[in-house]
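Observations on the model geometry
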Amino acid sequence: MAIVAKKQLIYFFLSNFIVYITGMGLFPILPLYAGEFGATPAMVGFYMALIYVAITVGSLAVGWIPPTVSRKLLFVVVGAIGAPAILLLGQVAGFWQLVLLTAVVWFSGGFATSTIGLYTGLIAEEGGRGRSFSIMFLARPMAGIFGGALVTWLLSWGSYQPTFITLSAIWMIMPIIGLISLPDLRNQKINKAQRDRAPQASPAAGSEKIQMGWQFYILMVMLLLATTAAYSARLGISLSLIELDFDAAAAASIAIASSLFTLPIVTLIGTLSDRLGRYRFLLVGSLMTTAGSAILLLATQLWQFWLAGGLLLASMTVTAAVASAMGTDLLSTRALGRGLPWLNAMTWLAGV
């Protein structure tokens, strides 16, 4: 991989990490925060579903950007909107203000990660796409470790406000990175390898319908079903912990153990998929969900929940990374800008 591509991948990883450290740090405390504004359990359930809808819409929006509009500019602008929205979360006076601002943040995050996924597809070499996407998706488990620890430490001060101020400042780094690192596809200020894969307008002023192929649509359905199964099983972990009277510290330890378990597996499988093919490692991801679910059915001890949680998080991360690499392999030059955002959106749609 060229040095410039490696440098850009580092920037892309950092952008993803900032989004995920904010999202994964805030997500567990949002139901508690909503409760301070009188939200009922039903209202909190609506709230959680809505923010998944917001991140799904943000992901899909990237695929509908006209070729005459700069994706770099939109990444910076939409990303920058997230910072004041996070800051204002600490100033809300009612539940519906909280819902609206959180939706803005999650939309911004979906737009950012989907854009980064597209750029990763553009710069990744044909024989190294699995490795490149696995690096991008490593931001999730790493953010799970650091985001949870950071928010826990900030909340130890006894107030939500320092948390929102700190995360807002961290988020603002992301659009700055975009301004520095993202090439402007509209003006094609990119190297030859990127230019060969950059989405272009059709000769007929973009009126020709983009075809993504039946294999890509099957891949989308596979990703949606596999990720939905993993999300459902991870919800089962929370329900089982409640039933067995485990405390919050045990739940936190599962999140950390799952992330540590996932890091080496995703890196290894992403690299192997470049050498041995994508299909078999999509199957490996599904088998990990099956194994994690089976362990969960019998789990009564903490280490069993660590193992089940690790397998499920690894399954979600591996499946998303390998599917993104495979989608990049399948898509034509013109379809890349439409198809990769759809793949990114499938992982969030599964959460809904």
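Quick note: structure is the one above.
So, a few notes on the structure that sits alongside this text. A quick note: this is a predicted structure, and the numbers were derived from the prediction, not measured. (Residues numbered from 1 in each chain as written. Predicted model: local features only at pLDDT ≥ 70, side-chain atom pairs only at ≥ 80, totals over all residues. Heavy atoms only, no water.)

1. Comments concerning the side chain of S59
Which entries qualify depends on this criterion: In this description a helix means any DSSP run of H or I spanning at least four residues, a strand means any run of E spanning at least two, and both kinds are numbered starting from the N terminus. With a 1.4 Å probe rolled over the protein chains alone, any residue whose accessible area is under 20% of its type maximum counts as buried; one over 50% counts as exposed, and the rest are partly exposed. Here a polar contact is recorded for every N or O atom pair within 3.5 Å, except that within protein the pair must consist of a potential hydrogen donor and a potential acceptor, and residues adjacent in sequence are included only if both atoms are side-chain atoms.
In this fold, S59 is placed in helix α3 (residues 41-61). A relative accessible area of 0% means that S59 is categorised as buried. Polar side-chain contacts of S59 include one of 2.9 Å to the backbone oxygen of I55.

2. Overview of the packing of helix α8 (residues 161-171) against helix α9 (residues 173-181)
What counts is decided by this rule: What counts as an axis is a line fitted to C-alpha atoms, over the stretch in contact for a helix, and the angles between N-to-C directions run from 0 to 180 degrees. Note on terminology: angles under 35 degrees are roughly parallel, angles over 145 are roughly antiparallel, angles of 65 to 115 are roughly perpendicular, and the others are oblique. Contacts are residue-level and defined by heavy atoms, with any inter-residue pair within 4.5 Å sufficient. Gly counts as polar in this scheme, as do all residues outside two lists: the nonpolar Ala, Val, Leu, Ile, Met, Phe, Trp, Tyr, Cys and Pro, and the charged Asp, Glu, Lys and Arg.
For the pair α8 and α9, the least separation of the axes is 4 Å and the interaxial angle reads 0°. Classified by the interaxial angle, the pair formed by α8 and α9 is roughly parallel. Facing A169, I170 and W171 of α8, the residues of α9 in contact are I173, M174 and P175. Partitioning the contact of α8 with α9 into residue classes produces six nonpolar, no polar and no charged.

3. Describing a nonpolar patch on the surface
Here is the rule: Each patch is built from salt-bridge-free residues with over 30% relative accessible area, joining like charges within 9 Å and nonpolar side chains (Val, Leu, Ile, Met, Phe, Trp, Tyr) within 5 Å. To measure how exposed things are, a 1.4 Å probe is used in the Shrake-Rupley method; for residues, cover is taken only from the protein chains shown. Salt bridges are counted wherever a side-chain nitrogen of Lys or Arg sits within 4 Å of a carboxyl oxygen of Asp or Glu.
A surface patch of nonpolar side chains, amounting to about 300 Å² of accessible area, comprises V53, V57, L349 and V352. Among the structural elements, V57 can be located in helix α3. Assessed through its relative accessible area of 43%, V57 is described here as partly exposed.

4. Focus: the nonpolar core
For clarity, the threshold we go by: By convention a nonpolar core is built from buried Ala, Val, Leu, Ile, Met, Phe, Trp, Tyr and Cys residues, the set being connected through side-chain atoms within 4.5 Å.
Counting residues in hydrophobic clusters, the biggest one holds 91 residues, and the most contacted among them are F12, L26, Y47, L98 and W106. The greatest single-element share of this core, amounting to 14 residues, is contributed by helix α5 (residues 95-123). Residues contacting L26, with those up to four places away along its chain left out, are L89, W106, V151, T163, F164 and L167. Within the second largest apolar cluster, nine residues are counted, among which are A233, I237, L296 and F305.

5. Topic: the pattern of salt bridges
Counted under the stated rule, the structure contains three salt bridges. A salt bridge links D274 to R278; its shortest N-O distance comes to 2.7 Å. With a closest N to O distance of 2.8 Å, R278 and D329 form a salt bridge. Separated by 51 residues along the polypeptide, R278 in the loop between α12 (248-276) and α13 (279-298) and D329 in helix α14 (residues 302-330) bring together distant segments of the chain. For D329, a relative accessible area of 35% gives the class partly exposed. What you see here is one network of salt bridges that share partners, running through R129, D274, R278 and D329.

6. Some details on the environment of L219
With respect to the secondary-structure elements, L219 resides in helix α11 (residues 214-243). Overall, the relative accessible area of 2% leaves L219 in the buried class. Measuring from C-alpha to C-alpha, the distance between L219 and L330 comes to 9.8 Å, with 111 residues separating the pair along the chain. If we ignore the near neighbours within four places in the chain, the residues touching L219 are L282, A323, M326, G327, L330 and L343.

7. Points about the packing of aromatic side chains
In plain terms, the rule: What counts as a ring pair is set by centres within 6.5 Å for rings of Phe, Tyr and Trp (its six-membered ring), and what kind of pair is set by the plane angle: stacked under 30 degrees, edge-to-face over 60, tilted for all other angles. The rule for a charge over a ring is simple: NZ of Lys or CZ of Arg within 6 Å of the ring centre, and within 35 degrees of the ring normal.
Applying the stated criterion to the full structure yields 14 aromatic pairs. Each ring, one from F13 and one from F17, has its centre 6.1 Å from the other, and the planes form 15°; the classification is stacked. Pair noted here: F13 and F17 are both in helix α1 (residues 3-26), with a separation of four residues, about one helical turn. For the pair F13 and F17, one class covers both residues: buried. Taken together, a centroid distance of 6.5 Å and an interplanar angle of 20° make the contact between Y160 and F164 stacked. Feature note: the residues Y33, F37, Y160 and F164 constitute an aromatic cluster, connected by ring pairs. Of note, R338 hangs over the ring of W64, and the distance from its end group to the ring centre comes to 3.8 Å.

8. Focus: the packing of helix α4 (residues 71-89) against α9
Remark: α4 packs on α9, axes separated minimally by 8 Å, with the N-to-C direction vectors making an angle of 170°. Taken together, the axes of α4 and α9 lie roughly antiparallel to each other. In this structure, α4 contributes K72, F75, V76, G79 and A80 to the contact, and α9 contributes M174, P175, G178 and L179. The class makeup of the residues in the contact of α4 with α9 is six nonpolar, two polar and one charged.

9. Side note on the side chain of R129
In this structure, R129 sits in helix α6 (residues 129-137). Within the local environment of R129, its side chain forms a polar contact with the side chain of D329, the two groups lying 2.7 Å apart.

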